Amino acid sequence: MAGAGADDGADDLIQLEEVTKVYATEAVTVRALRRIDLCIPRGEFVAIVGQSGSGKSTMMNILGCLDRPTSGRYVLDGIDVGTRSNDARAIVRNRLIGFVFQGFNLLPRTTALENVELPLVYRGIPAAQRHRQAEAALEAVSLADRMHHTPNQLSGGQQQRVAIARALVTSPPLLLADEPTGNLDTRTSYEVLELLQRLNRSGITIVLVTHEHDIAACATRVITMRDGLVKTDQYNRPAVDAAAALAELPRPDEEAAPEAPAS
Amino acid sequence: MRSILAAVRLALRAILRSKLRASLTVLGILIGVAAVVVVVALGTGVRNRIGGEISSLGANLIYIWPQATQVSGAKGSAKDSGRLTEADGMALGKEATSIALVAPFSSTSMQVVAGDKNWATSVMGVTRSYWEVRAFEFSKGQSWTEADEQLKTKVIVLGDTVRENLFGSGDGIGEYVRIGKYPFRVIAVLAKKGQSPFGEDQDDRILMPMGSFRSRILPTAPGRVQQLMASATDTLTVDRAVGQIEQILRQRHHIGPDEEPDFVIRTQAEFRKSQEQIFDTLQALLASVAAVSLLVGGIGVMNIMLVSVTERTREIGIRMAIGAGEADIMVQFLVEAVTLSVLGGVVGLAFGVAIIAVLSRALEWSMELPLQAVVAAVGTSGAIGIVFGFFPARRAARLDPIDALRHE
Ligand SMILES: Nc1ncnc2c1ncn2[C@@H]1O[C@H](COP(=O)(O)OP(=O)(O)OP(=O)(O)O)[C@@H](O)[C@H]1O
Ligand SMILES: [Mg+2]
């Protein structure tokens, strides 16, 4: 089941073995994931696509150590995280994983800088160093000038970039993004994707969930899910370059409005 | 340490976001702490005051009053029915080994006149031992002599209040004061003493030799006195002295061991006890008010923290997703609860101190607020924060990250 070129398991960042997730409610039992086997080597940019309800978010939650599989094994960076304690998993989330959510999930009434600093707080990094790192991360997503704005003073695209900066500030080996462009217009989506591609080229492994095939085309590998199963698993050769796609888009009327607000 | 500071700053920010809610929440703690502080200060005030007043009476003082008995059948006031005499006093001084001094005492209220001033005061007949028994000192002049007592000389010693009202800033020594029909010469002025435990002004009095009093102010049967005051040889011998007085007086008054005595004996310790009892009751009452409002305050803190946890479930989810462990979340909400209740405690402390300042001025009591009480007040409010913040904080820490993130 493993993707091509992943014969030696030692270099796999993510290994799922027969992972199952069952949601048992009073009325029905939903089998959101059915015995999934999946390996993701370091450095890949994986897009997960599939119909609504096919289990993409469930998969992401398990990959992100936010949820535990009902059965099966999940090994992240050599650690069998499925069996670890809540606190150990919190540390894993902090050290190994950066999250970008569809709804941005920034803390309200908290400045961009403070939001980005947050993962460093839980790492116990002193304030001065935290500031420096967070500023650098915000600069990397070209938001240095909006550092002291709170989320309600930022556009959707800017908020998502803050969220990406927050995910990156700890330099995690794995970035998980569940529909990061779901709330953004095409142009802003490509801007975010360009950023992700750049990060991927610098060595970060990315797993991204999306509904849109244009977005999935920018990934190096596309996994299609249906009814809790991996339906197809293909490599894009070559992947679409988001920067190029961005350049081809018709420019918005207003030159001075590169950041379209979320609609 | 630094992370705690950061947590406090975070907590303050969360609290300041809803000032009104926070202030209503901590009202209970505020009242509780204010009450505790006031109770403690009142306690020290009362103790200081009672202690001061009791010792102003003189050391190891014992009072003996005559008492109307059923046997004697007297219906008049205790003063008239008295069968206490100077001779009784002399006998006590001689026979009771645990008694150092005995002073006879009689008094009446009178209008006295000096020049164009007049003043209503207590006029008292005593002997020279009175000064020592009641621990009076002279600010001007000297006591009368034994000869004065025998000759019933018309000399008086003034309390400072009387001096002031009759002579203003002058000391009055050598001047004459008309009491009843006779002019009395002022020979001394007493040093100021202030209030007694009975609330009387101990400086509002005129003293003269017992004989002069009996013959010129309030004629009574020879040797009769209204009261005897005795001082025990030591604090520890007061009880023994009381026993000796009882025995000697029964003998002298021919009262059998089973009969009701025609006198009453009271000691300082009894005054102190009865006064302290009243204030202890008051204090217990206030303390329970404090305890109840601290409890109510604690429940308020718990309630508001539960609301806060629910409101911020999503925030908790985000923090968890980003790497906050259970302990991090727990600390965050505990610190918030403690900050909230300590804020209440500190404001309560300020209120308490203000109340104490007003009270001590109004009552003219010297009250103290011991440092331990301040520390205890703030400490208690912190402890309340921990105790009542624990449950909400644990609830927050045990949230499932996924559920928390999905929370609307
Ligand atoms: N907490 C839950 N309790 C019960 N069932 C759940 C729960 N979460 C997800 N499911 C079910 O599991 C299945 C997979 O859900 P999941 O959220 O993974 O889908 P998805 O692929 O992310 O869909 P979408 O594209 O709409 O986000 C769905 O049938 C959903 O109803
Ligand atoms: Mg989903």
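Here the structure is a predicted model, which is why all the values come from computation and not from measurement.

J.: Pulling in residues and values, what's your account of the environment of D116 of chain B?
T.: Within the secondary structure layout, D116 of chain B lies in the loop between β2 (99-114) and β3 (117-126). You can call D116 of chain B exposed: its relative accessible area is 73%.

J.: Explain the layout of surface pockets to me, using residue names and the numbers behind them.
T.: Here the largest pocket is characterised by a volume of approximately 960 Å³. Considering the residues around the largest pocket, the lining is formed by 31 residues, among which V121 and R130 of chain A together with A6, A7 and L10 of chain B are closest to the centre. Among the elements of the structure, α3 (112-121) and α4 (127-140) of chain A together with α1 (2-17), α11 (313-322) and α12 (326-363) of chain B are those that each provide at least two residues to the lining of the largest pocket. In terms of residue count, the dominant contributor to the lining of the largest pocket is α1 of chain B (eleven residues). For the lining of the largest pocket, the class distribution of residues is 15 nonpolar, five polar and eleven charged.

J.: Hey, could you go over the interface of chain B and chain A for me, with residue numbers and the actual values?
T.: Interface size is often expressed as the accessible area that is lost when the parts come together. The interface is formed by 22 residues belonging to chain B together with 21 residues belonging to chain A. Both faces combined, the contact of chain B with chain A buries some 1,900 Å², and carbon together with sulfur accounts for 55% of it. Three residues, I318, I322 and I402 of chain B, lead the burial of chain B against chain A; their summed loss comes to 28% of the area buried on that side. Between chain B and chain A we count one salt bridge in total. Note that E114 of chain A and R13 of chain B form a salt bridge whose closest N and O atoms lie 3.0 Å from each other. Along the contact surface separating chain B from chain A lie seven residue pairs in polar contact (both at pLDDT 80 or more). Sorting the residues of the side of chain B that touches chain A by element identifies α1, α11, α12 and α14 (401-406) of chain B as the ones contributing at least two each.

J.: Report on empty space enclosed by the protein, specifying residues and quantitative values.
T.: Empty space among the atoms becomes visible once a probe the size of a water molecule is rolled across them. What the rule picks out here adds up to one cavity of 30 Å³ or more. When its volume is computed, the largest cavity comes out at roughly 80 Å³. Taken together, R93, N94, I97, G98, F99, P119, R166, A167 and T170 of chain A together with A321 and I322 of chain B make up the lining of the largest cavity. Counting residues per element, the ones that place at least two in the lining of the largest cavity are α2 (86-96), β6 (97-100) and α5 (156-168) of chain A together with α11 of chain B. Take the lining of the largest cavity: its biggest share by element is three residues, from β6 of chain A.

J.: Before we move on, can you summarise the nonpolar core with the specific residues and values?
T.: Formed by 94 residues in total, the largest nonpolar core has its most connected members in I14, L76 and V207 of chain A together with Y130 of chain B. The residues touching V207 of chain A, leaving out its near neighbours within four places in the chain, are I14, I40, V46, I48, M60, L63, L174, L175, L176 and A177 of chain A. Core analysis: the next-biggest nonpolar cluster, separate from the first, contains 45 residues, L120, L168, I204 and A242 of chain A among them.

What counts, and at which threshold
Residues numbered from 1 in each chain as written. Chains lettered and ligands numbered in written order. Predicted model: local features only at pLDDT ≥ 70, side-chain atom pairs only at ≥ 80, totals over all residues. Heavy atoms only, no water. Helix = DSSP H or I, 4+ residues; strand = E, 2+ residues; numbered from the N terminus. Buried < 20%, exposed > 50% of the residue type's maximum accessible area, 1.4 Å probe, protein only. 1 Å grid on protein atoms, 1.4 Å probe; cavity = no way out; pocket = protein on both sides within 12 Å on 5 of 7 lines; lining within 4 Å. Points joined across faces, edges and corners; volume = space filled by probe spheres on them. Nonpolar A, V, L, I, M, F, W, Y, C, P; charged D, E, K, R; others polar. Contact = heavy atoms within 4.5 Å. Buried area = accessible area lost by both parts, 1.4 Å probe. Salt bridge = Lys/Arg side-chain N within 4 Å of Asp/Glu carboxyl O. Polar contact = N/O pair within 3.5 Å; in protein donor to acceptor, adjacent residues only side chain to side chain. Core = buried A, V, L, I, M, F, W, Y, C linked by side-chain atoms within 4.5 Å.

Limitation: the analysis is restricted to geometry and does not speak to function.
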